Amino acid sequence: MDECDRNDVPPADRPMTTAAGPVFAWRDRTVVLLAERADDRWILARGWLSGDRLLHVRRWSFPAAAALAGQVRRLVREATNAPGEAVAASAALLAWAAEQVPTPLDPVQEPEADRALER
């Protein structure tokens, strides 16, 4: 297995989170996390940055967003040694996940006047 040169990536001022559309992304100077929903599973991948490539990518699959958020919190804490950053990334992930799950439509609320006419 090749060693990844973690010094060839320009340093980020701070970790970055992008949670728009179908992909959640988090990165710091050396680690990238990508998450998506595939059918009824939540998929998370972690890779080590080397230039413009990701090396040593690992992938996990979870049945629930809460389990995915726990793994994101653990991986961010390992990468940054910053518990606050880990909690923030996990919260951002949960907010993003909530947008990915279709919610049933609320029943149409009939105006009070329409209900009175039905009586």
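See above for the structure.
Now for a look at the structure at hand. These numbers come from a predicted model, not from an experiment.

1. Thoughts on the nonpolar core
In terms of nonpolar packing, the biggest core is built from 21 residues, with Leu-33, Leu-44, Leu-68, Val-72 and Leu-93 touching the most fellow members. Going through the elements one at a time, β2 (23-27), β3 (31-38), β4 (41-50), β5 (53-62), α1 (65-80) and α2 (83-100) are the ones with two or more residues in this core. Here this core gets six residues from one element, more than from any other, and that element is α1. Every residue in contact with Val-72, bar those within four places of it in the chain, is listed here: Leu-33, Leu-44, Ala-89, Ser-90 and Leu-93.

2. Quick look at a nonpolar patch on the surface
Nonpolar side chains collect at one region of the surface, where Val-23, Leu-34, Leu-54 and Val-57 lie side by side and expose about 290 Å² of accessible area between them. Within the element layout of this structure, Val-23 appears in strand β2. Owing to a relative accessible area of 36%, Val-23 belongs among the partly exposed residues under this scheme.

3. Description of the side chain of Ser-90
Mapped onto the elements, Ser-90 comes out in helix α2. By relative accessible area, Ser-90 is classed as buried at 3%. When near neighbours in sequence (up to four residues on either side) are disregarded, Ser-90 contacts Ala-69, Val-72 and Arg-73.

4. So, the packing of α1 against α2
Contact pair α1 / α2: the axes reach a minimum separation of 8 Å and the direction vectors enclose 150 degrees. One finds that α1 runs roughly antiparallel with respect to α2. Crossing geometry of α1 relative to α2 is assigned as right-handed. Within the contact between the two elements, α1 uses Ala-65, Ala-66, Leu-68, Ala-69, Val-72, Arg-73, Val-76, Arg-77 and Thr-80 and α2 uses Glu-85, Ala-86, Val-87, Ala-89, Ser-90, Leu-93, Leu-94 and Ala-97. Considered class by class, the residues forming the contact of α1 with α2 number twelve nonpolar, two polar and three charged.

Procedures and definitions
- Residues numbered from 1 in each chain as written.
- Predicted model: local features only at pLDDT ≥ 70, side-chain atom pairs only at ≥ 80, totals over all residues.
- Heavy atoms only, no water.
- Core = buried A, V, L, I, M, F, W, Y, C linked by side-chain atoms within 4.5 Å.
- Buried < 20%, exposed > 50% of the residue type's maximum accessible area, 1.4 Å probe, protein only.
- Helix = DSSP H or I, 4+ residues; strand = E, 2+ residues; numbered from the N terminus.
- Contact = heavy atoms within 4.5 Å.
- Patch = residues over 30% accessible without salt bridge, like charges linked within 9 Å, V, L, I, M, F, W, Y side chains within 5 Å.
- Areas by Shrake-Rupley, 256 points an atom, 1.4 Å probe, with all protein chains shown as cover.
- Salt bridge = Lys/Arg side-chain N within 4 Å of Asp/Glu carboxyl O.
- Axes fitted to C-alpha atoms, helices over the stretch in contact; angles between N-to-C directions.
- Parallel < 35°, antiparallel > 145°, perpendicular 65-115°, else oblique.
- Left-handed = near helix turned anticlockwise from the far one by under 90°.
- Nonpolar A, V, L, I, M, F, W, Y, C, P; charged D, E, K, R; others polar.

All we've got here are geometric facts, nothing functional implied.
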